[in-house]
Amino acid sequence: MIVNRQVLTLDEFTIKQLRDFPNATGELSGLLRDIGLAAKRVNVEVNKAGLVDILGDTGTVNIQGEEVKKMDEFANDQLVGVLRHGINCAGIASEELDDIVVFDDEVSNNSKYICMFDPLDGSSNIDVNVSIGTIFGVYRRVTPKGTPVTMDDFLQAGNKQVAAGYIIYGSSTILVYATKRGVNGFTLDPSIGEYSLSHPDIKCPPTGRIYSVNHGNFFQYEDPVRNYINVCQKKNKSNGGPYTQRYIGSMVADVHRNLVKGGIFMYPGTIDKPNGKLRLLYECNPFAYIVEKAGGKATDGKQRILDIQPKELHERTPFFIGSIEMMEELESFTGKV
Ligand code: AHM
């Protein structure tokens, strides 16, 4: 195999960007590097999941009332550990933990960022060798530096994110992150253990032919959503229909594919669960930030996801995200956002 030495690694890329901003402290780059390190460790374990006795439930139940798998705990511990021992993060909130974790020491209290993450999204897919992922969002704290962070630092609207990203543990392991300067993807090169820039300046195609939704819940959705899904299934010259339905059940994999190829992903509210399943802070806000920065759109059906003021750490929201023209087509049924 011919190795292209011109390809930038994640570290080289962030350092190159830092050089353009002489006043930048490098804290955000350091934080991204810390998350990348935790993800490498998770990646190793995910790849071994079929070999070692790491599958199965621990028997405990998380704050969402779901069974916690061992890999969820492992991924959570890696992220918390790396960020706690690093010098770039003042505290975290995790989908796996019921409360925030404040890294209350002198160095951490002087850090300006907090991080929120879902350590292992789609974890019910681990046992069957299907792609899963890690999702994260980074915010600038609102409380003064030098003090321990508080809940106010975490209950911020998604539009306050300074960076967001995900790692997909799939046929390759890819880290995608967005800042106000754009969205870039890095594939983990196992031969050198580094992420290499593989998807520079990702743009979400304005339209696509893929819709992703749990069809099993079809009769639980409200009429406007059902009417849109019906249109997705019809032959229609103006929108290129019928569309192709793809639903992996790991949002990281579903949204990553739609981000690259064009498409729409929906997790609407249902009769039983009007707010759907997905968590605003750990899953929806990071993806909304990434997809908007790539030119797409994300809403809860009524408003922009990034403008929702969270009331609690673990709140859920209906979620619609994807290519701009497909989102607009959806809104012709659900109402313009
Ligand atoms: P999980 O992390 O507990 O598996 O839940 C999150 C996942 C998302 O990645 C995915 O989009 C959704 O749950 C699928 O839910 P459903 O099986 O209800 O369609």
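Okay, so let's go over this structure. Source: prediction; values computed, not measured. (Residues numbered from 1 in each chain as written. Predicted model: local features only at pLDDT ≥ 70, side-chain atom pairs only at ≥ 80, totals over all residues. Heavy atoms only, no water.)

1. Quick word on the packing of helix α6 (residues 223–232) against helix α9 (residues 324–334)
(1) Moving on: Direction vectors running N to C along α6 and α9 enclose 135°, while the axes themselves pass 8 Å from each other. Considered as vectors, α6 and α9 are oriented oblique to each other. The two elements α6 and α9 meet at a crossing, and its hand is right-handed. Every residue of α9 that contacts α6 at P224, V225, N227, Y228 and V231 is listed here: M326, E329, L330, F333 and T334.
(2) Moving on: Of the residues contributing to the contact of α6 with α9, the split by class is seven nonpolar, two polar and one charged. (Axes fitted to C-alpha atoms, helices over the stretch in contact; angles between N-to-C directions. Helix = DSSP H or I, 4+ residues; strand = E, 2+ residues; numbered from the N terminus. Parallel < 35°, antiparallel > 145°, perpendicular 65-115°, else oblique. Left-handed = near helix turned anticlockwise from the far one by under 90°. Contact = heavy atoms within 4.5 Å. Nonpolar A, V, L, I, M, F, W, Y, C, P; charged D, E, K, R; others polar.)

2. Notes on the packing of aromatic side chains
(1) Moving on: Applying the stated criterion across every chain, the model contains six aromatic pairs.
(2) Moving on: Residues Y166 and F287 carry aromatic rings whose centres are separated by 5.0 Å and whose planes lie at 35° to one another, so their mutual orientation is tilted. Here Y166, found in strand β7 (residues 161–169), pairs with F287, found in helix α8 (residues 280–293); they are 121 residues apart in sequence, far enough to count as distant.
(3) Moving on: Through pairs of rings, three or more aromatic residues link up here, namely F13, Y177 and F186. (Phe/Tyr/Trp six-rings, centres within 6.5 Å; stacked < 30°, edge-to-face > 60°.)

3. Thoughts on the sheet that holds strand β15 (residues 319–322)
(1) Moving on: One open sheet accounts for five strands, arranged β12-β11-β13-β15-β14; its pairing is mixed. Pairing within the sheet leaves two strands with one partner each, and these edge strands are β12 (244–245) and β14 (297–299).
(2) Moving on: Looking at chain direction, strand β11 (residues 210–212) and β12 are connected through two bridges and run parallel. For I210, the partnering residue across the bridge sits in β12 and is T244.
(3) Moving on: Its contacts with the sheet put helix α7 (residues 251–261) on β11, β13 (264–267) and β15, and the angle it makes with β11 is roughly 160°.
(4) Moving on: Against the sheet, α9 contacts β11, β13, β14 and β15, and its axis sits at roughly 35° relative to β14. (Pairing = 2+ DSSP bridges.)

4. A closer look at the site of the ligand
(1) Moving on: The environment of the ligand is made up of 15 residues, and the closest members are D121, N214, Y247, M251 and Y267.
(2) Moving on: With respect to the ligand, the backbone of S123 contributes an N or O atom lying 3.3 Å from an oxygen atom.
(3) Moving on: About the coverage of the ligand: the protein hides 85% of its 470 Å² of free accessible area.
(4) Moving on: Looking at the shell around the ligand, the elements with two or more residues in it are β5 (113–121) and β13. (Near = heavy atom within 4 Å. Polar contact = N/O pair within 3.5 Å; in protein donor to acceptor, adjacent residues only side chain to side chain. Areas by Shrake-Rupley, 256 points an atom, 1.4 Å probe, with all protein chains shown as cover.)

5. Thoughts on the sheet that holds strand β4 (residues 101–102)
(1) Moving on: Read across the sheet, eight strands follow the order β4-β3-β5-β6-β7-β8-β9-β10 without closing on themselves; strand pairing throughout is mixed. Both outer strands of the open sheet, β4 and β10 (194–199), are each paired with one neighbouring strand and no more.
(2) Moving on: Across four bridges, strand β3 (residues 91–94) lies against β5 in parallel orientation. Paired with I92 across the bridge in β5 is C115.
(3) Moving on: In the packing of helix α3 (residues 70–85) onto the sheet, the strands contacted are β3, β4, β5 and β6 (132–140), and the crossing angle to β5 comes to about 160°.

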